[in-house]
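# Coordinate inspection notes
Spelled out, the chains give:
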2 protein chains.
Amino acid sequence: MTRSNAFAVTPKNLSAVGHTCALEINASALIDNYQLLRSKVGKNCEVAAVVKANAYGLGLEFVAPILESAGCEFFYVANLNEGIKLRSISDKKIAVMAGCWRGEEDEFIRHHLIPVLISVEQVENWPTQHPCIWHIDTGMNRLGIETDQIAKLIHLPHFCAGKAANLPLYMMTHFTSSEVLDESSAAQVAKFDQSLKNAGIGRDRGVTIPQSLCNSSAIFRDEEWHRQQVRAGMALYGLNPTPYLPQNPMRDVVRLSARILQVRHAKKGETVGYNQTYTIPQDTILAVIGYGYADGFHRAGSNKSNVYWHGVPCPVRGLVSMDLSIVDIGHLHAQHSSIHSLIPLPKAGDEMDILPDSAAIEQLARDWNTNVYEILTSISPRARRAVME
Amino acid sequence: MTRSNAFAVTPKNLSAVGHTCALEINASALIDNYQLLRSKVGKNCEVAAVVKANAYGLGLEFVAPILESAGCEFFYVANLNEGIKLRSISDKKIAVMAGCWRGEEDEFIRHHLIPVLISVEQVENWPTQHPCIWHIDTGMNRLGIETDQIAKLIHLPHFCAGKAANLPLYMMTHFTSSEVLDESSAAQVAKFDQSLKNAGIGRDRGVTIPQSLCNSSAIFRDEEWHRQQVRAGMALYGLNPTPYLPQNPMRDVVRLSARILQVRHAKKGETVGYNQTYTIPQDTILAVIGYGYADGFHRAGSNKSNVYWHGVPCPVRGLVSMDLSIVDIGHLHAQHSSIHSLIPLPKAGDEMDILPDSAAIEQLARDWNTNVYEILTSISPRARRAVME
């Protein structure tokens, strides 16, 4: 696999003109990750791909076709608008997490979208000749039908008409902490199972409804939880679903880089950036990169986080600005002159790495006191998206 | 001015279908803000509008036409790609802050874009029969030409050919802290003035070049700094350029709201959201809103920030999720039953305010330990944009 130059200006691809930052999606790694999850769950369980929030910030129009080429037949998005966008590029099954709102039914049906119904009212309103999914809340206290409502709903006339086709496509629930090796996920599964049993649902009751429980981390917990469908998000994109293990089982999918707009010599005692929050302790060399908080580098990284040059961390100096950040590269020059180094020195026009790998994503999440997901979803449309084959 | 319903589903506007959050741009307030700045600087000074970063997150395609209708003739964007996008909807002057890179000259000229040249190399490479701006660094240590380089550059053959048309359109610099009433801005002006004088530029030297110094806050500082052009950004969008005064002189332009997807009764001892970071101290009612960190509500707001219902703050409970946040509305119900209240109770489908006004933007910036700009630029494309006339 060759490293693409995401900033190359070619007449064929004008969309590549004039960006200062770029996000590369490694297609073969994304496919490998999908296949790994398939092999984990076996052939009797479907691996749906969660592509909400613009495919976790990567770019829906790039990610969805790659996942389809890997064999994905089922997608989840957050809301109807995302569903309509995805439908314009995919003929696979698409489920919408936010449910169907009164008045939106026609839009769902017209675009062949499957609502994840989140409340009694939504279930009562949905025309059950069209497929739907029921979301049962087992502890998030977020979206979903209360467990004690299932029995009432499943015996509504339009469900109990004896037509299996009118039953929900899946009964789903969502784990609060499946990446943590405690008892909370097992407790949610037990609550889910008991509530279905109480409602008279189960193979021994004659009413069988497939189940969808696992997110990425839960896939790696208990095989018994896989049931008929799992919903993979973060693991597809190379984030670590097993933080309790020393090794991330997934391949890195994302590489984010930014162009150096200027290299400056700065003298001891000078200040850097807005509000002069950093004073230079000794003469150094600064690189100004075209990546700021409007691109997704939170101001929380000011005077704290690093970007990378051939793997060497270069610290951010001063406050991150809207379109730019200033990083110290003085140590690269010192190293270059003191030892025989094969690493070239960065110059204006070169790219520095913001997120060279998933370890860098995890480091930023620690720096900014957030999770790895927010690092990805913060990457703005201003970063050019490109796919590496 | 009537309050629009940004979530209304009408056959005429399918782009309004299925969003769970919406950003309203108050066109008359934006126009008033532009006019206020014009009146501040007088008729001999141009008010350029800074619309980089998708017009500070508001939406370039909505903001630029409104500013044009207010009389704006000059825009600033961050990079060439933003310039090309703006050119597709505007025939006004457009300057590009990141400068012109070797190989990009033809793109600049083809789209009639004006580069803000940031380095000696960029000045040397630019074909000076086309307009350009020079950025002089006077203390940011970010982008710009060093003050001691100006003399050399202005006497390059292609500038000193005696053709006034070949001189830069503007000499600009950028303040580090113009919103702070200290001496730093005056020191930057003095450094700028002295460096031009040293380079033989000035009315008394026969070489006159217009100047562009002020950002929004600087416009409100010293009239003498206005010179021939000011560059207004944040003040246009209703953010306060005078934080040292009790009153924001600008009108609010932004209103951001999100739909309630579900209202839930929650019992004492239950937990909320991922990783169970909030335990409910007494029975309450929760509203789940369709606005999460992928929309722009940073996880830094978890268990800390408020959203608003008819102006009443409602605290976020638990961790903010990617597409959803959970807020407590129990106090609204308690208040409603104990006093004669004219405020209706929120129900599923209603909108809660995320950013009802600029005071709420300032509060979020304090909560998240960042600035008001990052609050706006974090608002993702998933929020539907709508203009209120």
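Residues numbered from 1 in each chain as written. Chains lettered and ligands numbered in written order. Predicted model: local features only at pLDDT ≥ 70, side-chain atom pairs only at ≥ 80, totals over all residues. Heavy atoms only, no water.

### With respect to the overall build of chain A
Note the following rule: Counting from the N terminus, the helices are the DSSP runs of H or I reaching at least four residues and the strands are the DSSP runs of E reaching at least two. Residue exposure (1.4 Å probe, protein chains only): buried if accessible area is under 20% of the type maximum, exposed if over 50%, otherwise partly exposed. A contact between two residues is defined here by any heavy atoms of the two lying within 4.5 Å. Each accessible area is a Shrake-Rupley result for a 1.4 Å probe, and residues are judged covered by the shown protein chains and nothing else. We treat Lys and Arg as the positive residues and Asp and Glu as the negative residues; His and chain ends play no part in the count. In this description, the location of a charge corresponds to atom NZ of lysine, CZ of arginine, CG of aspartate or CD of glutamate.
Looking only at helices and strands, one finds twelve helices and 19 strands in chain A. Principal axes of the C-alpha set define a box for chain A whose edges measure 80 × 50 × 40 Å. Per-residue burial over chain A gives 61% buried out of 389 residues. Pairs at least 24 residues apart make up 62% of the contacts formed inside chain A by residues separated by at least 6 positions. Surface summary for chain A: the accessible area is close to 15100 Å², and the carbon and sulfur share equals 52%. Counting 36 positive and 39 negative side-chain charges, chain A places the centres of these two groups 2 Å from one another.

### Some words on the confidence of the model for chain A
For clarity, the threshold we go by: Values of pLDDT, the confidence the predictor places in each residue, fall between 0 and 100.
The predicted model of chain A has a mean per-residue pLDDT of 91, with 93% of residues at 70 or higher. Counting contacts from residues 9-15 of chain A, a segment whose pLDDT is below 50, to residues more than four positions away or on other chains yields five contacts.

### As for the relation of the copies chain B and chain A
The line we're drawing: Residues below a pLDDT of 70 in either copy are left out; the C-alpha atoms of the rest, at least 70 in both, set the least-squares superposition of the copies.
The transformation that overlays chain B on chain A combines an axial shift of 0.0 Å with a rotation of 180 degrees, and the residual RMSD is 0.0 Å. The superposition operator between the copies reduces to a two-fold rotation axis. The share of interface residues of chain B whose copies in chain A are also at the interface is 100%, consistent with both copies meeting through the same surface.

### Some words on the packing of aromatic side chains
Given two aromatic rings, one states the distance between the centres and the angle between the planes to describe the pair. Residue and element names in this part refer to chain B. Rules: What counts as a ring pair is set by centres within 6.5 Å for rings of Phe, Tyr and Trp (its six-membered ring), and what kind of pair is set by the plane angle: stacked under 30 degrees, edge-to-face over 60, tilted for all other angles.
Enumeration according to the criterion identifies 16 aromatic pairs over all chains in this entry. Taken together, a centroid distance of 5.4 Å and an interplanar angle of 35 degrees make the contact between phenylalanine 175 and tryptophan 225 tilted. Here phenylalanine 175 is found in the loop between β8 (170-172) and α8 (184-198), whereas its partner tryptophan 225 is found in the loop between α9 (216-219) and β10 (229-232), with 50 residues between them in sequence. Taken individually, phenylalanine 175 and tryptophan 225 each receive the classification buried, so the pair is uniform in this respect. Ring centres 5.4 Å apart and planes at 90 degrees place the aromatic pair phenylalanine 297 and tryptophan 368 in the edge-to-face group.

### Here we look at the interface of chain B and chain A
Put simply, the rule is: Using a 1.4 Å probe, buried area is obtained as the accessible area two parts lose upon being combined, added over both of them. Salt bridges are identified by distance alone: a Lys or Arg side-chain nitrogen within 4 Å of an Asp or Glu carboxyl oxygen. Polar contacts, as used here, are pairs of N or O atoms within 3.5 Å; protein pairs need one atom able to donate a hydrogen and one able to accept it. Residues neighboring in sequence count only if both atoms are side-chain atoms. Only Asp, Glu, Lys and Arg are considered charged, only Ala, Val, Leu, Ile, Met, Phe, Trp, Tyr, Cys and Pro nonpolar, and every remaining residue, Gly among them, polar.
Contact residues are listed per partner, giving 72 residues for chain B and 72 residues for chain A. Between chain B and chain A, the buried area comes to about 5800 Å², and carbon and sulfur atoms account for 49% of it. At the boundary of chain B and chain A, one finds ten salt bridges. The partner of glutamate 82 of chain B in a salt bridge is arginine 382 of chain A, and the shortest N-O contact between them spans 2.8 Å. Linking chain B to chain A there are 46 residue pairs in polar contact (both at pLDDT 80 or more). Breaking the side of chain B that touches chain A down by element, the ones donating at least two residues are α2 (52-56), α4 (80-87), β11 (254-266), β12 (271-272), β14 (284-289) and α12 (372-377) of chain B. With seven residues, β11 of chain B is the largest single contributor of residues to the side of chain B that touches chain A. When grouped by side-chain class, the residues that make up the side of chain B that touches chain A number 30 nonpolar, 27 polar and 15 charged.

### Some words on the packing of helix α1 (residues 27-41) of chain B against helix α3 (residues 60-69) of chain B
Residues and elements named next belong to chain B. Stated formally: For helices, the fitted line uses only the C-alpha atoms of the stretch in contact; every axis is such a line through C-alpha atoms, and the angle between N-to-C directions lies from 0 to 180 degrees. Oblique is the label for any angle not covered by the other classes, which are roughly parallel (under 35 degrees), roughly antiparallel (over 145) and roughly perpendicular (65 to 115). In this scheme, a crossing is called left-handed if the near helix is turned counterclockwise away from the far one by less than a right angle; it is called right-handed if the turn is clockwise.
Running from amino to carboxyl end, α1 crosses α3 at an angle of 55 degrees, the nearest separation of the two axes being 9 Å. Taken together, α1 and α3 sit at an angle that is classed as oblique. With respect to the hand of their crossing, α1 and α3 are arranged in right-handed fashion. Seen from α1, the contacting residues are Ala27, Leu30, Ile31 and Tyr34; seen from α3, they are Val63, Ile66, Leu67 and Ser69. Classifying every residue of the contact of α1 with α3 by side-chain character gives seven nonpolar, one polar and no charged.

### Side note on helix α11 (residues 358-367) of chain A
Residue and element names in this part refer to chain A. Of all the positions in α11, only Ser358, Ala360, Ile361, Leu364, Ala365 and Asp367 are classed as buried. Residues of α11 that are buried make contact with β15 (306-309), β18 (351-355) and α12 (372-377). Positive phi appears at asparagine 369, one or two residues downstream of α11, with a value of about 55 degrees.

### Section: the side chain of serine 305 of chain A
Residues and elements named next belong to chain A. Looking at where serine 305 falls in the secondary structure, it is placed in the loop between β14 (284-289) and β15. Residue serine 305 is classed as buried on the basis of its relative accessible area, which comes to 0%. At 3.0 Å, the side chain of serine 305 forms a polar contact with the side chain of tryptophan 368. Those residues in contact with serine 305 that sit more than four places away from it in its chain are Phe297, Cys314, Pro315, Val316, Leu364, Asp367 and Trp368.

### Re the pattern of salt bridges
Going through the model one piece at a time under the given rule, you end up with 36 salt bridges over all chains. Here arginine 317 of chain A ties to aspartate 328 of chain A by a salt bridge, and the two come within 3.0 Å at their closest N and O atoms. You can see arginine 317 of chain A sitting in the loop between β16 (312-315) and β17 (325-328) and its partner aspartate 328 of chain A sitting in strand β17, a full eleven residues away along the chain. Neither residue differs from the other here; arginine 317 of chain A and aspartate 328 of chain A are each classed as buried. One salt bridge in this structure joins aspartate 32 of chain B and arginine 251 of chain B, with 2.6 Å as the shortest N-O distance. With aspartate 32 of chain B in helix α1 and arginine 251 of chain B in the loop between β10 and β11, the pair connects residues that are 219 residues apart, well separated along the chain. Connected via shared salt-bridge partners are Lys52 and Glu82 of chain A together with Asp295, Asp323 and Arg382 of chain B.

### Topic: the environment of aspartate 91 of chain B
Within the secondary structure, aspartate 91 of chain B is located in the loop between α4 and β4 (93-96). In this structure, the C-alpha to C-alpha distance between aspartate 91 of chain B and glutamate 68 of chain B, residues 23 residues apart in sequence, is 9.8 Å.

### Focus: the pairing of β15 of chain A
The two faces of a sheet get side chains in turn, since along a regular strand they alternate between them. All names here are of chain A. Put simply, the test is: At least two bridges found by DSSP between two strands is the condition for calling them paired.
The pairing of β15 with β16 spans four bridges and is antiparallel. When the bridges of β16 are listed, asparagine 306 appears paired with proline 315. Hairpin connection from β15 to β16: two residues lie between these consecutive antiparallel strands, with histidine 310 at a positive phi of about 50 degrees.

### Regarding the environment of leucine 37 of chain B
Residue and element names in this part refer to chain B. Inspection of the secondary structure assignment puts leucine 37 in helix α1. The sequence separation of leucine 37 and alanine 70 amounts to 33 residues, and the corresponding C-alpha distance is 11 Å. Residues contacting leucine 37, with those up to four places away along its chain left out, are Val47, Ile219, Phe220, Ala232, Ala235, Leu236 and Met250.

### Things to note about the nonpolar core
Here is the rule: To form a nonpolar core, buried Ala, Val, Leu, Ile, Met, Phe, Trp, Tyr and Cys residues must be joined to one another through side-chain atoms within 4.5 Å.
If you look at the biggest cluster of nonpolar residues, it comprises 226 residues, and the most contacted ones within it are Val51 and Trp134 of chain A together with Val51 and Trp134 of chain B. Not counting the four nearest positions on each side in its chain, valine 51 of chain B is found in contact with Leu60, Val63, Leu67, Phe75, Tyr76, Val77, Leu86 and Tyr237 of chain B.

### A few points about the pairing of strand β3 (residues 74-77) of chain B
Residue and element names in this part refer to chain B. We count it as follows: The handedness of a crossover follows from its direction of travel: if, with the strands pointing away from the viewer, the path from the first strand over the helix to the second runs clockwise, the crossover is right-handed.
Side chains of β3 alternate between two faces, with Phe74 and Tyr76 and Phe75 and Val77 buried alike. Here strand β2 (residues 46-50) runs beside β3; their pairing, made up of two bridges, is parallel. Pairing of alanine 49 across the sheet is with phenylalanine 75, part of β3. Looking at chain direction, β3 and β4 are connected through four bridges and run parallel. By the bridge assignment for β4, phenylalanine 75 is matched with isoleucine 94. Read from β3 through α4 to β4, the crossover connection turns out right-handed.

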